Amino acid sequence: MREAIKLAKSFNCTHHIVISEELDIPGFSDNPPNRCYYCKTELFSKLREVADAEGLPYVVDGSNLDDRSDFRPGRQAAAEQGVRSPLDEAGLTKDDIRKLSNQMNLPTWDKPAFACLSSRFPYGDQITREKVAQVGKAEESLMELGLRTLRVRHHDNVARIELGPEDFDKVVNGLRDEVVNKVKEAGYSYVALDLQGYRTGAMNEVLTKDS
């Protein structure tokens with residue numbers, strides 16, 4: 001949120017903070033595979049109200065061409081709510097967007113990908129405010145150590161850390177003790193480093209066509 005406010009101010013954009021209470025949505029906190037559908041339905045409905053109040057014809061999101069290859073139930077909500085995806089419509093991939101952003105001198109051109117903290121939990125694992133806060137504290141602590149691309153996946157008392165390839169050596173050969181201490185301070189008993197590293201939609205790997 002801090003970054004969004006800073007970016008909006010830098011472009012002199014009107015900025016609204018919309019409070020979205022995902023954990024109060026029936027079914028969301030149960031963390032089913034289509035969890036994002038419930039969340040996006042709630043969020044897009046509220047954004048539609050803002051757009052109507054401002055006289056704006058469309059609500060848009062940042063989906064791009066690469067998102068089509070992953071399991072994205074939120075896209076169904078977007079379609080139902082009439083949300084448009086300009087980057088996807090233009091046929092732009094993540095790499096395309098970074099290259100164009102760099103050419104346009106946008107400050108976010110090399111910003112690491114970051115997804116909703118609810119995506120850190122295995123499907124079926126109840127999502128609570130306390131768990132989300134725990135994951136958030138762990139990830140923020142690791143970012144303060146200088147790590148850029150990371151996820152802390154929550155497995156009860158085990159934190160499974162996914163890192164981008166550029167951060168593996170930093171942790172294994174220098175920051176290991178600091179990482180362990182920071183993650184344990186967030187409330188985890190065990191700290192595991194995922195050798196496969198960061199990848200989009202890692203929690204979807206357990207899903208089957210019938211899920």
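What counts as what
Residues numbered from 1 in each chain as written. Predicted model: local features only at pLDDT ≥ 70, side-chain atom pairs only at ≥ 80, totals over all residues. Heavy atoms only, no water. Axes fitted to C-alpha atoms, helices over the stretch in contact; angles between N-to-C directions. Helix = DSSP H or I, 4+ residues; strand = E, 2+ residues; numbered from the N terminus. Parallel < 35°, antiparallel > 145°, perpendicular 65-115°, else oblique. Left-handed = near helix turned anticlockwise from the far one by under 90°. Contact = heavy atoms within 4.5 Å. Buried < 20%, exposed > 50% of the residue type's maximum accessible area, 1.4 Å probe, protein only. Pairing = 2+ DSSP bridges. Right-handed = clockwise from strand over helix to strand, strands pointing away.

Peer 1: Whenever I open this one, the packing of helix α6 (residues 129-144) against helix α7 (residues 165-185) confuses me. Can you help?
Peer 2: Close contact between α6 and α7 brings their axes to 8 Å; oriented N to C, the two are set at 155°. In terms of axis orientation, α6 runs roughly antiparallel to α7. The chirality of how α6 crosses α7 is right-handed. Packed against α6, whose contacting residues are Lys137, Ser141 and Leu142, the element α7 presents Val179, Lys182, Val183 and Glu185 at the interface.

Peer 1: What exactly am I supposed to notice about unusual backbone geometry here?
Peer 2: Residues other than glycine predominantly adopt negative phi, and peptide bonds predominantly adopt the trans conformation. For Asn12, which is not glycine, the phi torsion reads 55° and is therefore positive. In this structure, Asn12 sits in the loop between α1 (2-10) and α2 (35-54). Phi at Asp156 takes a positive value of approximately 55°, unusual for a residue other than glycine. Looking at the secondary structure, you find Asp156 in the loop between β1 (150-155) and β2 (158-163). Judged by its relative accessible area of 57%, Asp156 is exposed.

Peer 1: Could you clarify how one ought to interpret the pairing of strand β3 (residues 190-193) in this entry?
Peer 2: Regular strands place their side chains on alternate faces of the sheet. Sheet analysis places β2 next to β3, joined by four bridges and oriented parallel. Of the residues in β3, the one forming a bridge with Ala159 is Val191. Between the parallel elements β2 and β3, the chain passes through α7 in a crossover that is right-handed.

That's the geometry; what it means functionally is another story.
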